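# Geometric and topological summary
Take a look at the letters that make up each chain.
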Amino acid sequence: QVGLVESGGGLMQAGDSLRLSCAFSPSTFNALGWFRQAPGKEREFVAAITWSGPYTAYADSVKGRFTISRDNAKNTIDLQMNSLKPEDTAVYYCAVHRDGSYFFDGSYDYWGQGTQVTVSS
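Here the structure is a predicted model, which means the values were calculated and not measured. Throughout this document, residue positions are counted from 1 along each chain, in the order its sequence is written. Reporting in this predicted model follows two pLDDT cut-offs: at least 70 for local features of residues, and 80 or more for side-chain atom pairs to be given and counted; totals over whole chains, interfaces and linings ignore these cut-offs and use all residues. Side-chain numbers here rest on the full set of heavy atoms in the structure, without hydrogens or water.

Helix and strand assignments follow DSSP, with helices taken as H or I runs no shorter than four residues and strands as E runs no shorter than two, numbered in order from the N terminus. In terms of regular secondary structure, the chain is built from zero helices and 11 strands. Secondary structure of the chain in N-to-C order comes out as β-β-β-β-β-β-β-β-β-β-β. We take the radius of gyration over the C-alpha atoms and set the globule estimate at 2.2 Å times the residue count to the 0.38 power. Against the 2.2 N^0.38 benchmark of 14 Å for 121 residues, the chain shows a C-alpha radius of gyration of 13 Å, consistent with a compact globule. Each residue's exposure class comes from its accessible area (1.4 Å probe, protein chains only) as a fraction of the maximum for that residue type: buried when under 20%, exposed when over 50%, partly exposed otherwise. Buried residues in the chain amount to 43% of all 121 residues. In the chain, of all internal contacts separated by at least 6 residues, the share reaching a separation of at least 24 is 55%. Counting only carbon and sulfur atoms, one obtains 49% of the accessible surface of the chain, whose full area is about 6100 Å². In this count, Lys and Arg are taken as positive residues and Asp and Glu as negative ones, while His and the chain termini are left out. Just so you know, the charge point we use is NZ for Lys, CZ for Arg, CG for Asp and CD for Glu. Across the chain, the 10 positively charged side chains and the 12 negatively charged ones have centroids separated by 3 Å. By definition in these notes, contact holds between two residues if any of their heavy atoms fall within 4.5 Å. The accessible surface values rely on the Shrake-Rupley method and a 1.4 Å probe; as for residues, cover is taken only from the protein chains in view.

Moving on: the nonpolar core. Residues belong to one nonpolar core when they are buried, are Ala, Val, Leu, Ile, Met, Phe, Trp, Tyr or Cys, and are joined through side-chain atoms within 4.5 Å. Judged by nonpolar contacts, the single largest core of 34 residues is most densely connected at Trp34, Leu79, Met81 and Tyr92. Residue assignment for this core shows that the elements contributing at least two residues are β3 (18-25), β4 (31-37), β5 (44-50), β6 (56-58), β7 (66-71), β8 (76-81), β9 (90-97) and β11 (115-120).

Note on terminology: disulfide describes a covalent bond linking the sulfur atoms of two cysteines. Note that a disulfide, as used here, is simply two cysteine sulfur atoms within 2.5 Å. Using the criterion set out here, one finds one disulfide in the structure. Note on cysteine connectivity: Cys22 is disulfide-linked to Cys94, with sulfurs 2.0 Å apart. Residues Cys22 and Cys94 share a disulfide whose torsion about the S-S bond is about 65°; that sign makes it right-handed. Here Cys22, found in strand β3, pairs with Cys94, found in strand β9; they are 72 residues apart in sequence, far enough to count as distant.

On to the sheet that holds strand β1 (residues 3-7). By definition, two strands form a pair when at least two bridges between them are found by DSSP. Strands sit in the order β1-β3-β8-β7 across an open sheet of four strands; the sheet is antiparallel. Each edge of the open sheet is held by one strand with a lone partner, namely β1 and β7. Averaged over all pairs of adjacent strands, the angle between their axes in this sheet comes to 15°, without regard to strand direction. The pairing of β3 with β8 spans six bridges and is classified as antiparallel. Residue pairing in the sheet places Ala23 in a bridge with Thr76 of β8. Note on geometry: axes are C-alpha line fits, over the in-contact stretch for helices, and angles between N-to-C directions span 0 to 180 degrees.

Here you go:
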């Protein structure tokens, strides 16, 4: 049974930092990713991390501001978000990568319920 639970969302001001966490079970996966979906928009890729390596990938819109990492002891994948912008407002989801491109949501199954991030200007 696969479980994913996101946490850490909140209401922030532009320029703030926020750390999201995705608790997952069982304890290992090939890769996990973060996606986000803003109201009226399609779900978009944010970042991904592989279990081995690790290898990381980022969307251009967050590169240099967001950092994805894993905590093996806690079984979590974290997303550190710095210099937040109003356009980062969205529901953020973590998901288990199945195969294919890390950037495509169709490559993932087992999605969490999401956590809301709202950034005001």
